[in-house]
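Residue-level structure breakdown
One letter stands for each residue in the lines below.
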Amino acid sequence: MKTNNKTQETKPSNPKSKTAQKENTPFAESVVLKPVGYPFDFAMMENNLEIIDKTLFEEYAREQWLGLVVKENSYLFDQKIIPDYGFQIVSVSPNNSIIAENTEIKLLDIEERNLDTVKRIKTNVKISDIVGQENAKNKTKVLIKYLEEPDKFGEWAPKNILFYGFPGTGKTMLVKALANELDVPLYLIKATSLIGEHVGDSASKIQELFEKAQKTAPSIIFIDEIDAIALHRSFQSLRGDVAEIVNSLLTEMDGINDNKAVVTIGATNNPNSIDYAVRSRFEEEIEFVLPDDNERKSIFENNLKTFPLKYDLNIEKLVKISKNMSGRDIKEKILKTALHHAISHDKETVDNKDVEYALKASKIKNSEVKGMFE
Ligand SMILES: Nc1ncnc2c1ncn2[C@@H]1O[C@H](COP(=O)(O)OP(=O)(O)O)[C@@H](O)[C@H]1O
Ligand SMILES: [Mg+2]
């Protein structure tokens, strides 16, 4: 009787179920789905599908997907009521198994679906990888001490910090490094992911973000591009949905729900476009500045350490031509473009010609550039 499980009948009514005949593929015990909608947008139905009768849904689902091999993160398409509507497989146990007569199939509740818009980020960036920004690094020392020993701080705990300054200067990088070195969860919310949601959705996402952070404290919440959601009052009338976000942000930042051992870091390129009430909730605003000559030199050198090709470059010249550039510009606009240029020309060494190309391609206007490589 040891193969009992496998001999169970699996009506292979669906042509796709051919894969199910593969030997050794177990039958699924349970499958959890998330509605994701159509492969293309024609504004008729969104992914807010709700089940009226769970048992009926299970029957309906089993009937059309019986015999299919299912894997986590793959998709199933409805064949009946809403043809080609997609469902993503959130979990299946065991993974890579066959939908059978007794497989439990459920759809995530609406609240559960929203949870994964809050992203937990993991990286291996270190604080020492960040060149310069000493002011910001000093502040992060306090955050580290607090998140390590939150009880020590009591009412003197740091709560909300704003990082601002030129794009590409290391704001996101520092937050990631902080979470990584402390080994605490980092919850990142991008402004853009909140905009355009249904009324009430963005507020509940913010609430849920803080709740999740609290549950897993010590933790860090990172609200990137905060200007886009906490838009200045004078622009809020143009975007009604933003006022709601601003209000829920204020509630959470005030710590009405005691967010102990949770630090909120906001980042913006333009602090003046942030709603002043939200802005005033940040105890400290820390500026990120463009790297000076020495710092740019280090950024070049550090990045070249991981370069996949040999290089013949004059660092001093690179430092000169990169005046007013950010760390990101140096990496993406100069080094990466030069490297790709060399590779596409089957070169074994990246040289000044590739850098010259990169400068032209990025349309960097810098008087130093002209004649630099002659
Ligand atoms: N101070 C810095 N030191 C080293 N690398 C940097 C620095 N600033 C930016 N970079 C590089 O640029 C990339 C983008 O920086 P990021 O932190 O995302 O900028 P932003 O300030 O816009 O959040 C980083 O991943 C890193 O490779
Ligand atoms: Mg950033």
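Note: the structure precedes this text.
Nothing here was measured: the structure is a model prediction, and the numbers come from that model.

A word on the site of ligand 1. For ligand 1, the set of nearby residues contains 18 residues, the closest of which are G170, K171, T172, M173 and G327. Among the elements of the structure, α6 (171–182) and α15 (327–344) are those that each provide at least two residues to the shell around ligand 1. By residue class, the composition of the shell around ligand 1 is seven nonpolar, eight polar and three charged.

The topology assignment puts E287 in strand β12 (residues 284–288). Each C-alpha atom of the pair E287 and T169 lies 9.8 Å from the other, and the pair is 118 residues apart in sequence. Ignoring sequence-local partners within four residues, the contact set of E287 consists of N135, Y164 and G165.

With twelve residues, α6 should cover 16 Å at 1.5 Å per step; its first-to-last C-alpha distance of 17 Å lies within 8% of that length. In terms of residue burial, α6 counts as a mostly covered element, since nine of its twelve residues are buried. Turning to α6, its buried residues are K171, T172, M173, L174, V175, K176, A177, L178 and A179. D183 lies just past α6 and shows a positive phi near 55°.

Glancing now at the sheet that holds strand β4 (residues 86–93). In spatial order, the strands read β3-β4-β1-β6; together these four strands make up an open sheet with mixed pairing. Looking along the sheet, the strands with just one partner apiece sit at the ends: β3 (75–77) and β6 (104–107). Strand-to-strand twist in this sheet, taken as the mean axis angle between neighbours without regard to direction, amounts to 35°. Sheet analysis places β3 next to β4, joined by three bridges and oriented antiparallel. Across the sheet, residue L76 finds its bridge partner in β4, namely F87.

Parameters and conventions
Residues numbered from 1 in each chain as written. Chains lettered and ligands numbered in written order. Predicted model: local features only at pLDDT ≥ 70, side-chain atom pairs only at ≥ 80, totals over all residues. Near = placed C-beta within 6 Å. Helix = DSSP H or I, 4+ residues; strand = E, 2+ residues; numbered from the N terminus. Nonpolar A, V, L, I, M, F, W, Y, C, P; charged D, E, K, R; others polar. Contact = placed C-beta atoms within 7 Å. Expected span 1.5 Å × (residues − 1). Buried ≥ 20, exposed ≤ 12 C-beta atoms within 10 Å, placed from the backbone. Pairing = 2+ DSSP bridges. Axes fitted to C-alpha atoms, helices over the stretch in contact; angles between N-to-C directions.

What is shown is where atoms sit, not what they do.
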